[in-house]
Amino acid sequence: MVVLYTALRSVPREVLEAAQIDGASELQVAVRIKLPMIAPALAMVALFSVIGALQLFNEPTTLKPLTNAISSTWVPLMRVYSDAFVNNDIYGGAASAFILLVMTVGATVAVRVVGNRLSRRSAR
């Protein structure tokens, strides 16, 4: 939230005033000016959110004894832990961790590609 707020605050006032003078509505200003200018910040926040979701472990592990809704494979890291230490299959846990690494790198590359395309499109 702080990153997005800071990105919105960094949009130059002159650009917003010029758009208002040209007759742009608030929706047009938001979609055509503000959104493209904060696209890199949006990409960064999306990347951090995806990586954070893939690394989720403590919360479900802590809540697991309290409910039957959380299985031992509810999130990817719980699967890695279950394979490696509960099932005593170190190689399976390592393979699961490697797949998680590939997923994280793939998500990072995808978000960076989309962010770069948005940045290039907004620069035109």
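Thresholds, definitions, all that
- Residues numbered from 1 in each chain as written.
- Predicted model: local features only at pLDDT ≥ 70, side-chain atom pairs only at ≥ 80, totals over all residues.
- Heavy atoms only, no water.
- UniProt positions renumbered as here; feature names shortened; annotations may be inferred.
- Helix = DSSP H or I, 4+ residues; strand = E, 2+ residues; numbered from the N terminus.
- Contact = heavy atoms within 4.5 Å.
- Polar contact = N/O pair within 3.5 Å; in protein donor to acceptor, adjacent residues only side chain to side chain.
- Core = buried A, V, L, I, M, F, W, Y, C linked by side-chain atoms within 4.5 Å.
- Buried < 20%, exposed > 50% of the residue type's maximum accessible area, 1.4 Å probe, protein only.
- Axes fitted to C-alpha atoms, helices over the stretch in contact; angles between N-to-C directions.
- Parallel < 35°, antiparallel > 145°, perpendicular 65-115°, else oblique.
- Nonpolar A, V, L, I, M, F, W, Y, C, P; charged D, E, K, R; others polar.
- Expected span 1.5 Å × (residues − 1).

As annotated in an unreviewed UniProt entry, the protein chain carries the name ABC transmembrane type-1 domain-containing protein and is attributed to Luteimicrobium album. We quote the UniProt Subcellular location (unreviewed entry) comment for the protein chain here in full: "Cell membrane". What UniProt states about the protein chain under its Sequence similarities (unreviewed entry) heading is, verbatim, "Belongs to the binding-protein-dependent transport system permease family."

Colleague: Explain the side chain of aspartate 83 to me, using residue names and the numbers behind them.
Modeller: Locating aspartate 83 in the fold gives a position in helix 6 (residues 76-86). Beyond its immediate stretch of four places on either side in the chain, aspartate 83 contacts Asn88, Asp89, Ile90, Gly92, Gly93 and Ser96.

Colleague: Now, about the environment of serine 10: what can you tell me, with residues and values included?
Modeller: By secondary structure assignment, the location of serine 10 is in the loop between helix 1 (2-9) and helix 2 (13-21). Sequence separation of serine 10 and isoleucine 38 is 28 residues, and the distance between their C-alpha atoms is 8.7 Å. Polar contacts involving the side chain of serine 10 include one to the main-chain carbonyl oxygen of alanine 7, which spans 2.7 Å.

Colleague: Lay out the nonpolar core with the relevant residues and their values.
Modeller: Listed in full, the 8 residues of the largest apolar core are Ala7, Val11, Leu16, Ala19, Val29, Ile33, Ile38 and Ala41. Taken together, the elements giving at least two residues each to this core come down to helix 2 and helix 3 (26-37).

Colleague: Any chance you could break down the UniProt feature "transmembrane region" (unreviewed entry) in the protein chain for me, citing the residues and the numbers?
Modeller: Here, the residues flagged by UniProt with the feature "transmembrane region" (unreviewed entry) are residues 37-57 and 90-114. End C-alpha to end C-alpha, residues 37-57 measures 34 Å, and it is 81% helix and 0% strand. The span residues 90-114 is 100% helix and 0% strand, and its two end C-alpha atoms sit 36 Å from each other.

Colleague: Now, about the packing of helix 1 against helix 4 (residues 39-54): what can you tell me, with residues and values included?
Modeller: For any two helices packed against each other, one specifies the inter-axial angle together with the distance between the axes. Remark: helix 1 packs on helix 4, axes separated minimally by 9 Å, with the N-to-C direction vectors making an angle of 175 degrees. The orientation of helix 1 relative to helix 4 falls into the category roughly antiparallel. Along the contact surface, helix 1 presents Val3, Leu4 and Ala7, while helix 4 presents Ala41, Leu42, Met44 and Val45. Split by residue class, the contact of helix 1 with helix 4 holds 7 nonpolar, no polar and no charged.

Colleague: Describe the UniProt feature "domain: ABC transmembrane type-1" (unreviewed entry) in the protein chain, with residues and values.
Modeller: UniProt feature "domain: ABC transmembrane type-1" (unreviewed entry): in the numbering of this structure it lies at residues 1-111. Secondary structure content for residues 1-111 is 76% helix and 0% strand, and the end C-alpha separation is 18 Å.

Colleague: Provide a residue-level description of unusual backbone geometry, including the pertinent values.
Modeller: For asparagine 88, which is not glycine, the phi dihedral falls at a positive 55 degrees. Mapped onto the elements of the fold, asparagine 88 is located in the loop between helix 6 and helix 7 (90-123).

Colleague: Mind laying out the environment of valine 80, listing which residues take part and the relevant values?
Modeller: For valine 80, the position within the fold is in helix 6. Look at valine 80 and you get buried, because its relative accessible area is 13%. Between the C-alpha atom of valine 80 and that of serine 96, which follows or precedes it by 16 residues, the distance is 5.5 Å.

Colleague: Let's hear about helix 4: which residues, and what values?
Modeller: Taking 1.5 Å as the rise per residue, helix 4 with 16 residues should run 22 Å; its terminal C-alpha atoms sit 23 Å apart, in good agreement. For helix 4, the full list of buried residues reads Ala39, Ala41, Ala43, Leu47 and Leu54.

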